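Now for the letters of each chain:
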Amino acid sequence: MGSSEPRPFRIDKNARSLAVEGHAVPLGARAFDVLAFLEDHADRVVSKQELLEHVWAGLAVEEGNLSVQISTLRKLLGADAIATVPGVGYKLAHGGVGHTPVEGPSLPQKPSVAVLPFANLTGDGSTDYLVDGIVADLISVLSRVPGIFVIAASSSFKYKGEVVSLRDVGAELGVRYVLEGGIQLGGDRLRITTQLVEAQTSHTLWSERFVGTTQDVFALQDQIIERTAAALELNVMFAEAGRARHAPTGDIRAYDLCLQAAPRAMRVSTRADLDAVLDLLDRALALDPGYAYAKALKARAYMMATGARALTHAEGRAGLPPAYEVLDGQQTDPLVLAYAGHMVAYLGGDGDLGYRSIQQAKGINPNSVLVRVSSAWCGGYLGYYQAAIEDAEFAYRLNPLDPNIGHCRAAHGYALMGLGADGDAVEWLERAIADDPGFGTTLQALATAYELAGQHDKAVDAMALYLRQTPHYTLALYEATTPFVEQVLRQRVAAAMRAAGLPEG
């Protein structure tokens, strides 16, 4: 994102002076040292940890001190003069970054924010998953605060390690603010530093440090969210956010295992994938047998494995008991409600209960992409096709850069078939299969949509590929297992699959 243009400033290291466009500019000692170090290493990204160690020379300082100096330099040199590298540090930009305007979605009417990956300041790369997991959980909970629009983690995390202009990030995601920071971990001591920045100007609105132990991680997240909400919107009071969140588990080891399992449960393509996820979750439940999120993740993993056709529908129903267990309790975690609700609707034949649970989850957190995707699927199961499409479209806006949004596009395509818009369904399902070629449900739906749209040869080819991947599948099995209840759609799909070559069974 850089250019070969000369920088509009000059530093004299001997005189420790700075000139911007030929004019001398006063600069504090720390800010000068930061700028000089960045210029000495302008050919690479400089980590936050490296800057702290060099500029403060062994002094015990917080990352917030560095953020203050970066903010000062950006005010003097221009918002794009120092590029951010989310999750790592900074890079001095040649002539600035973001010089070509970036287009993206329009800004929402309410305050909007993207939480960028935090820097891992532990010095131990093996803890990256923990740092990323804490931040992803922070995003999930922040998105529940009324009056704030929050970009999903899988979009904001696409910038991890990239040299970016915050101005470009704001434009591409359609947000006014970004939240960035770093996490230090020593033993069980946890220190999180955050700063809220206006994307267009790179002006820091506030910067703060939060300190506790690993056992306090949920309380620290709550404090960060309270301060973020207050900074974004003075009338958004944390006490009114309706969160009143209780720690989901009292065992930080179980939480750690779920952080490792959660991203794997989003895409389970093989039995080996499923076994790896279940191993982590079973270990978490051995530590905390009542951990509702771990049970919901088990349900999710079985559901995704079945949708990918890595399991038969009968095998996938092994995920129903943990789903019903959590729905029998008084749940306030929207992901627990959504995962369990989706499972009972898809493989339990209980669409009404599943959809009610997901709508409850949507009421708690309307800004959750995963909740919206489950709502799109389960709305389609019950024939609420237009509502399903609206949920899918909202998910795309929340998560405009997600490379794994194919699951949502497939739900969108099925809903379009329900409305009789078969040509449009083909378009969405082709995009879905390009995102995840191994997801069997999408391939089955695409073969159907091709036939319904009059593209018989493509339908035959797609069905042949599906049957090579899923040789046991028949029309009889479809009739016995499909969660879609509206008879017109069921009959259209069955006739189309028969014409495309699916055997009767």
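Residues numbered from 1 in each chain as written. Predicted model: local features only at pLDDT ≥ 70, side-chain atom pairs only at ≥ 80, totals over all residues. Heavy atoms only, no water.

## Observations regarding the overall build of the protein chain
Looking only at helices and strands, the protein chain has 22 helices and 12 strands in total. Over its C-alpha trace the protein chain gives a radius of gyration of 25 Å, about what one expects of a compact globule, namely 23 Å for 505 residues. A total of 505 residues make up the protein chain; the buried ones form 57% of that total. Within the protein chain, contacts between residues separated by at least 24 positions form 65% of all contacts whose residues are at least 6 apart in sequence. Distance between charge centres in the protein chain, computed from 43 positive and 58 negative side chains, equals 2 Å. (Helix = DSSP H or I, 4+ residues; strand = E, 2+ residues; numbered from the N terminus. Rg over C-alpha atoms; globule rule 2.2 N^0.38 Å. Buried < 20%, exposed > 50% of the residue type's maximum accessible area, 1.4 Å probe, protein only. Contact = heavy atoms within 4.5 Å. Lys, Arg positive; Asp, Glu negative; His and termini not counted. Charge placed at Lys NZ, Arg CZ, Asp CG, Glu CD.)

## Re the sheet that holds strand β3 (residues 23-25)
The strand order β1-β2-β3 describes an open sheet built from three strands, whose pairing is antiparallel. With one partner strand each, in any of the chains shown, β1 (9-12) and β3 form the two edges of the open sheet. The sheet shows a mean angle of 30 degrees between the axes of neighbouring strands, direction not considered. Bridging between strand β2 (residues 17-20) and β3 involves three bridges; their strand directions are antiparallel. In the strand pairing of β3, Ala 19 is matched with Ala 24. Relative to the sheet, helix α1 (residues 29-40) contacts β1 and β2, its axis offset from that of β1 by approximately 105 degrees. (Pairing = 2+ DSSP bridges. Axes fitted to C-alpha atoms, helices over the stretch in contact; angles between N-to-C directions.)

## Remarks on the pattern of salt bridges
Under the criterion given, the structure shown has 17 salt bridges. Measuring nitrogen to oxygen at the nearest pair gives 2.0 Å for the salt bridge that ties Asp 40 to Lys 13. Here Asp 40, found in helix α1, pairs with Lys 13, found in the loop between β1 and β2; they are 27 residues apart in sequence, far enough to count as distant. Its relative accessible area of 39% is what places Lys 13 among the partly exposed residues. With its nearest N and O atoms 2.6 Å apart, the salt bridge here joins Glu 50 to Arg 44. The exposure class of Glu 50 is partly exposed, given its relative accessible area of 24%. On the accessibility criterion, Arg 44 (29% relative accessible area) is partly exposed. (Salt bridge = Lys/Arg side-chain N within 4 Å of Asp/Glu carboxyl O.)

## Observations concerning the state of the cysteines
Here the structure, examined in full by the defined rule, presents zero disulfides. Cys 378 carries a free sulfur, and the closest cysteine sulfur to it, the one in Cys 408, is 12 Å from it. (Disulfide = S-S within 2.5 Å.)

## Let's talk about the sheet that holds strand β6 (residues 89-92)
What the three strands build is an open sheet, ordered β4-β6-β5; its pairing is antiparallel. Strand pairing shows two members of the sheet lacking a second neighbour, β4 (46-47) and β5 (82-85), which therefore form its edges. As judged from the two bridges shared by β4 and β6, these two strands associate in the antiparallel manner. Each residue of the ladder has a partner; that of Val 46, found in β6, is Tyr 90. Where α1 meets the sheet, it contacts β4, β5 and β6, and its direction lies at approximately 70 degrees from that of β6.

## Notes on the packing of aromatic side chains
Enumeration according to the criterion identifies 10 aromatic pairs in this entry. When the ring of Tyr 414 is compared with that of Phe 484, the centres are 4.2 Å apart and the planes differ by 20 degrees; the resulting orientation is stacked. With Tyr 414 in helix α17 (residues 406-418) and Phe 484 in the loop between α21 (475-481) and α22 (487-500), this residue pair connects regions lying 70 residues apart in the sequence. The buried category is assigned to Tyr 414, whose relative accessible area is 5%. Taken together, the ring pairs in this structure connect Tyr 346, Trp 377, Tyr 381, Tyr 414 and Phe 484 into an aromatic cluster. Between the NZ or CZ atom of Arg 372 and the centre of the ring of Phe 394, over which it lies, the distance is 4.0 Å. In this structure, Arg 431 packs its charged tip against the face of Trp 428, placed 4.5 Å from the ring centre. (Phe/Tyr/Trp six-rings, centres within 6.5 Å; stacked < 30°, edge-to-face > 60°. Lys NZ or Arg CZ within 6 Å of the ring centre and 35° of its normal.)

## Focus on the pairing of β6
Taken together, the four bridges between β5 and β6 define a ladder with antiparallel strand orientation. Considered in β6, the bridge of Thr 84 is made with Tyr 90. Taken together, β5 and the strand that follows it, β6, pair antiparallel across an intervening segment of three residues, in which Gly 87 is found at a positive phi of about 85 degrees.

## Concerning unusual backbone geometry
In this model, Arg 16 sits at a positive phi of 50 degrees, which is unusual for a non-glycine residue. The topology assignment puts Arg 16 in the loop between β1 and β2. The class for Arg 16 is partly exposed, based on a relative accessible area of 41%. The phi angle at Ser 202 is positive, at roughly 60 degrees, despite the residue not being glycine. Within the secondary structure, Ser 202 is located in the loop between β11 (189-198) and β12 (203-213). Assessed through its relative accessible area of 2%, Ser 202 is described here as buried.

## So, the confidence of the model for the protein chain
Residues of the protein chain with pLDDT of at least 70 account for 92%, and the chain-wide mean is 87. Within the protein chain, helix α7 (residues 217-232) has the poorest average pLDDT of any element, 78, and α22 the best, 97. Here residues 234-244 is a poorly scored stretch, pLDDT under 50, and it has 15 contacts once near neighbours within four places are set aside; other chains count. (pLDDT = per-residue confidence, 0-100.)

## As for the packing of α17 against α22
Where α17 meets α22, the closest approach of the two axes is 9 Å, and the angle between their N-to-C directions is 105 degrees. By the angle between their axes, α17 is roughly perpendicular relative to α22. For the pair formed by α17 and α22, the contact residues are Tyr 414, Met 417 and Gly 418 on the first element and Leu 489, Arg 492 and Val 493 on the second. Here the contact of α17 with α22 is composed, by residue class, of four nonpolar, one polar and one charged. (Parallel < 35°, antiparallel > 145°, perpendicular 65-115°, else oblique. Nonpolar A, V, L, I, M, F, W, Y, C, P; charged D, E, K, R; others polar.)

## Focus: the pairing of β1
Only one face of β1 is buried: it carries Phe 9 and Ile 11, and the other face, with Arg 10 and Asp 12, is open. The pairing of β1 with β2 spans four bridges and is classified as antiparallel. For Asp 12, the partnering residue across the bridge sits in β2 and is Ser 17. Connecting β1 to the antiparallel partner β2 that follows it, the hairpin turn spans four residues, and Arg 16 within it adopts a positive phi of roughly 50 degrees.

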